[in-house]
Amino acid sequence: MKILNYGSLNLDYAYHLDHFVRAGETEASFARTMACGGKGLNQSIALARAGASVMHAGAVGKMDGEVLIQALEEAGVDTSLVRRLEDVPSGSAFIQVIPNGENAIILNGGANHAVTEEDIDRVLAGFGKDDWLLIQNEISSLPYLMEKAHEAGMKIILNPSPMNESIWKMPLEYVDLFLVNEQEASMLSHHAEDPIREFTRSYPSAAFVITRGSKGCTYLHGEETVSQDAFHVTAVDTTGAGDTFTGFFLGTLAEGGSVQEALRIASAAAAVSVTRPGAGSSIPEKEEVLAFLNADQAK
Ligand code: RIB
């Protein structure tokens, strides 16, 4: 079984402020950092740090994207399917971070939005039945990618972040596992009164991981329900916490762990990540996650 993450790679410019900038306001930041991010890149790094072997596919600008490829390679991710594009900048994110760790993000798709159907055909030629395809919502041609992956018999895992109307163009009935937060579940249920019930009922053969911030997370598949409490830490920057969770959850499962174990390790990894600034750079090594869990147990 091979894992393919076809996803975004972004240059993240983070500005630390005491509040989000409002209309008409000009605010000085305490600090500015440039780091590697993008939901795709972050999730590939987290998968690799959880111990899984992962191939990343996507696109960067030839002029500015080398640093993104290098960050993936340093984490042990196979980057042979990342294209370097002429005349297109890499994707980027302008991130405001406030003292309680919350963020507000503006994206520019750049090379992430230059992924074509021809690219997808070339990449998927190397994958087949039972291989895993992980996707987020930051690259172009996603409906085509899902169609072709389904035809090839791949298992499709969707983290629909950032959620927007484009989600309705995707063949969601092909998704085997949804990883969503409560707001995303609500939107996917068309804001039903009982969103999780309605959402899970709409895709009866899929499995679901619903994250609920400080209230923990739940895995649902048919009659099976597995829950995990959140670990409480002091957050400095929540950017990339969801990506860390996704990568560690899937990485633990791929390594043969149970769903309960995967939820526990993923929740701990996300908790460690929010105590550090940045997205890709805040993702812990597996040993750090295990040390956090041991320390938590000893409390
Ligand atoms: O999930 C965090 C990520 O969202 C950031 O790294 C940023 O690039 C945006 O894609």
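It should be noted that the structure appears before, not after, this text.
Cut-offs used in this document
- Residues numbered from 1 in each chain as written.
- Predicted model: local features only at pLDDT ≥ 70, side-chain atom pairs only at ≥ 80, totals over all residues.
- Heavy atoms only, no water.
- Helix = DSSP H or I, 4+ residues; strand = E, 2+ residues; numbered from the N terminus.
- Rg over C-alpha atoms; globule rule 2.2 N^0.38 Å.
- Buried < 20%, exposed > 50% of the residue type's maximum accessible area, 1.4 Å probe, protein only.
- Contact = heavy atoms within 4.5 Å.
- Lys, Arg positive; Asp, Glu negative; His and termini not counted.
- Charge placed at Lys NZ, Arg CZ, Asp CG, Glu CD.
- Pairing = 2+ DSSP bridges.
- Axes fitted to C-alpha atoms, helices over the stretch in contact; angles between N-to-C directions.
- Near = heavy atom within 4 Å.
- Polar contact = N/O pair within 3.5 Å; in protein donor to acceptor, adjacent residues only side chain to side chain.
- 1 Å grid on protein atoms, 1.4 Å probe; cavity = no way out; pocket = protein on both sides within 12 Å on 5 of 7 lines; lining within 4 Å.
- Sits in = over half its atoms within 2 Å of the grid points.
- Nonpolar A, V, L, I, M, F, W, Y, C, P; charged D, E, K, R; others polar.
- Right-handed = clockwise from strand over helix to strand, strands pointing away.
- Points joined across faces, edges and corners; volume = space filled by probe spheres on them.

(A) Seen up close, the overall build of the protein. Along the backbone of the protein there are 9 helices and 13 strands. For 299 residues, the compact-globule formula gives about 19 Å, and the C-alpha radius of gyration of the protein, at 18 Å, lands near that figure. Overall size of the protein, expressed as C-alpha extent along the three principal axes, is 50 × 50 × 40 Å. Here the protein holds 299 residues, and 53% of them are scored as buried. Considering only residue pairs separated by 6 or more positions, the protein has 65% of its internal contacts joining residues 24 or more positions apart. A distance of 2 Å separates the average location of the 21 positive side-chain charges in the protein from that of its 40 negative side-chain charges.

(B) Representation of the sheet that holds strand S10 (residues 177-181). Ordered by their spatial adjacency, 9 strands build an open sheet running S5-S4-S1-S8-S9-S10-S11-S12-S13, and the pairing between neighbours is mixed. Since the sheet does not close on itself, it has two edges, and those belong to strand S5 (78-85) and strand S13 (224-228), each with one partner. Across the sheet, the mean angle from the axis of one strand to that of its neighbour is 15 degrees, orientation sign disregarded. As defined by bridge partners, strand S12 (residues 217-221) adjoins S13 across 5 bridges and the pair is classed as antiparallel. Of the residues in S13, the one forming a bridge with His-221 is Glu-224. Along the sheet face, helix H8 (residues 259-274) touches strand S11 (207-211), S12 and S13 and points at about 30 degrees away from the line of S13.

(C) Focus on the sheet that holds strand S2 (residues 10-16). Ordered by their spatial adjacency, 4 strands build an open sheet running S3-S2-S6-S7, and the pairing between neighbours is mixed. Sheet topology places strand S3 (31-37) and strand S7 (103-108) at the edges, where each strand pairs with a single neighbour. Strand-to-strand twist of the sheet, defined as the mean angle between neighbouring strand axes without regard to direction, takes the value 20 degrees. Examined bridge by bridge, S2 and S3 share 7 bridges and lie antiparallel to one another. Its bridge partner lying in S3, Tyr-13 is registered against Met-34.

(D) Examining the site of the ligand more closely. The local shell around the ligand holds 14 residues, among which Asp-12, Gly-38, Lys-39, Glu-138 and Asp-243 are the closest. The contact in question runs from an oxygen atom of the ligand to an N or O atom on the side chain of Lys-39, over 2.7 Å. With respect to the pocket detection grid, the ligand is positioned in the largest pocket. Secondary structure elements with two or more residues in the shell around the ligand: S2, helix H1 (39-49) and S7. A class-by-class count of the residues in the shell around the ligand yields 4 nonpolar, 6 polar and 4 charged.

(E) Geometry of the pairing of strand S9 (residues 155-158). With 4 bridges joining them, strand S8 (residues 132-135) and S9 adopt parallel strand pairing. Paired with Leu-134 across the two strands is Ile-157, which belongs to S9. Of the crossover connections in this fold, the one passing from S8 over helix H4 (residues 142-151) to the parallel S9 is right-handed. Where S9 and S10 come together, 2 bridges link them in parallel fashion. Across the sheet, residue Ile-157 finds its bridge partner in S10, namely Leu-177.

(F) Layout of the layout of surface pockets. In this model, the largest pocket occupies a volume close to 1,400 Å³. Residue lining of the largest pocket: 49 residues in total, with Thr-211, Gly-213, Thr-238, Ala-241 and Gly-242 positioned closest to the centre. Among the residues forming the lining of the largest pocket, the class breakdown is 20 nonpolar, 20 polar and 9 charged.

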